[in-house]
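# Tertiary structure, described
The residues making up each chain are set out below.
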Amino acid sequence: MRDKSYSKAISAAIVTQIFWGLSFLASSIGQETASPFVLMSYRFDIALIALTIPVLLGRQKLSLRGKNIKPLLLLGAMEPCIYFIGEQYGLKYSNSAFSGIMIAVIPIVTIIFAAIFLKERPSKKQWMFSALSILGIVVITLAENSGGSITFKGFALLCVAVVTGSAYSVISCGVSGRFSVFERTYFMQIMGAVFFTALALIENGGSVAAVLAPAADMRFLLAVLFLALGASVAGYSLFNYAVSHAPMANVIIFQNLATVVSVAAGILVLGERLTVVSLGAMVVVLIGIWGVQKYPPKENTDE
């Protein structure tokens, strides 16, 4: 039997991807009013404020004195800073189908990175079911394709997103013995807030009023509150916990669940059409996720 921390980690990974799956809908609503940079500045500024409150009240502690914080700087640089640049602008310069397929590759690249840097080697069946789950994502993405062209710039930016998104997961796991879940999550919000607020101000010619203007829209505010408190505070906290207490392959494969949640949200909230192909592909994704959990490496099971 696996221990309780493993079960909690898998539960955390599932809830994380539900938050992140819904974040696509919230982001699209937010971008009706503001640019990606402005939207993300609100997201990480609010998240930072939310995490600072328990620190000021003494409910959470940051034990960074005497520690080398370079790993935290690298963690925050990978995600959210560089990752979101690659993802947002990779999508801008590519069509949605190609972007979705590229992002779907992150679990496989993460597993490869984990094998190299963390010495975590998935079983052959985990590789097979991971590939099956990604195949399902590819089918969903192609079925939902909204057209558009693919440029080399878009491809390069999406490659950046794949590498940095994968690196973030591995770094978070690697430094889990030195920094708590809260410290990792808090530092990510600091870097995201500084980075994207600076970019938002540069984009708007240094005008604070222009950056603050979207706050007058209630739909925008609700969207950024979900992104800040749900996707950032809860999502990153749960994910950082998950990679600290379960094998990377078992955690990262749930990233494909986010696509299923995103499509389901589009159907239920936006009234988008569900095709038989997409439904079948969702089932394939879930079977792939189940298989990765079902067949761990022998050394990770109790005899």
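An account of the accompanying structure is given in this report. (Residues numbered from 1 in each chain as written. Predicted model: local features only at pLDDT ≥ 70, side-chain atom pairs only at ≥ 80, totals over all residues. Heavy atoms only, no water.)

Along the protein, the regular secondary structure elements total 13 helices and zero strands. Going from the N terminus to the C terminus, the protein shows its helices and strands as α-α-α-α-α-α-α-α-α-α-α-α-α. For the protein, whose C-alpha radius of gyration is 19 Å, the value lies close to the compact-globule estimate of 19 Å for 303 residues. The burial tally for the protein puts 48% of its 303 residues in the buried class. The long-range share in the protein, meaning contacts at least 24 apart out of those at least 6 apart in sequence, stands at 91%. (Helix = DSSP H or I, 4+ residues; strand = E, 2+ residues; numbered from the N terminus. Rg over C-alpha atoms; globule rule 2.2 N^0.38 Å. Buried < 20%, exposed > 50% of the residue type's maximum accessible area, 1.4 Å probe, protein only. Contact = heavy atoms within 4.5 Å.)

Inspection of every chain in the model, using the stated rule, returns two salt bridges. E32 is the partner of R219 in a salt bridge, and the nearest nitrogen-oxygen pair spans 3.0 Å. With R219 in helix α10 (residues 218–245) and E32 in the loop between α1 (4–30) and α2 (36–56), this residue pair connects regions lying 187 residues apart in the sequence. According to the relative accessible area criterion, R219 is partly exposed, its value standing at 47%. (Salt bridge = Lys/Arg side-chain N within 4 Å of Asp/Glu carboxyl O.)

Take the packing of α1 against α10 next. Packing of α1 against α10 brings their axes to within 8 Å, and their N-to-C directions diverge by 155°. Classified by the interaxial angle, the pair formed by α1 and α10 is roughly antiparallel. The hand of the α1/α10 crossing is left-handed. Grouping the constituent residues of the contact of α1 with α10 by class yields 21 nonpolar, nine polar and two charged. (Axes fitted to C-alpha atoms, helices over the stretch in contact; angles between N-to-C directions. Parallel < 35°, antiparallel > 145°, perpendicular 65-115°, else oblique. Left-handed = near helix turned anticlockwise from the far one by under 90°. Nonpolar A, V, L, I, M, F, W, Y, C, P; charged D, E, K, R; others polar.)

By size, the foremost hydrophobic cluster in this structure holds 79 residues, and its most contacted members are F44, F84, Y168, Y236, F239, V251 and F254. When residues no more than four places from it in sequence are discounted, the contact partners of F84 are M40, R43, F44, Y89, F196 and Y236. Counting six residues, the second-largest nonpolar core is a separate cluster that includes A47, L51, F182 and A228. (Core = buried A, V, L, I, M, F, W, Y, C linked by side-chain atoms within 4.5 Å.)

Here we take up the packing of aromatic side chains. Here the structure, examined in full by the defined rule, presents 20 aromatic pairs. Taken together, a centroid distance of 5.5 Å and an interplanar angle of 45° make the contact between F37 and Y89 tilted. Here Y89 lies in helix α3 (residues 70–92) and F37 lies in helix α2, a separation of 52 residues in the sequence. Both rings, one in F84 and one in F196, keep their centres 6.5 Å apart while their planes meet at 75°; by these two values the pair is edge-to-face. (Phe/Tyr/Trp six-rings, centres within 6.5 Å; stacked < 30°, edge-to-face > 60°.)

Tallied over the full model, the rule gives zero disulfides. For the unlinked cysteine C81, the closest cysteine sulfur is that of C159, found at 20 Å. Residue class for C81 comes out buried when judged on its relative accessible area of 6%. (Disulfide = S-S within 2.5 Å.)

Residue E79 is joined to P80 through a cis peptide bond whose omega torsion reads 20°. A positive phi is found at K119, a non-glycine position, where the angle reads about 60°. Relative to the helices and strands, K119 resides in the loop between α5 (106–118) and α6 (124–143).

Looking at the element boundaries, S278 is found in helix α13 (residues 276–294). Residue classification places S278 among the buried residues on the basis of a relative accessible area of 0%.

To continue, consider α13. With 19 residues, α13 extends 27 Å from end C-alpha to end C-alpha; this agrees with the ideal 27 Å at 1.5 Å per step. Within α13, the full set of buried residues consists of S278, A281, M282, V285, G288, I289, G291, V292 and Q293. In the core, the buried residues of α13 are packed alongside α1, α6, α11 (248–252) and α12 (255–270). (Expected span 1.5 Å × (residues − 1).)

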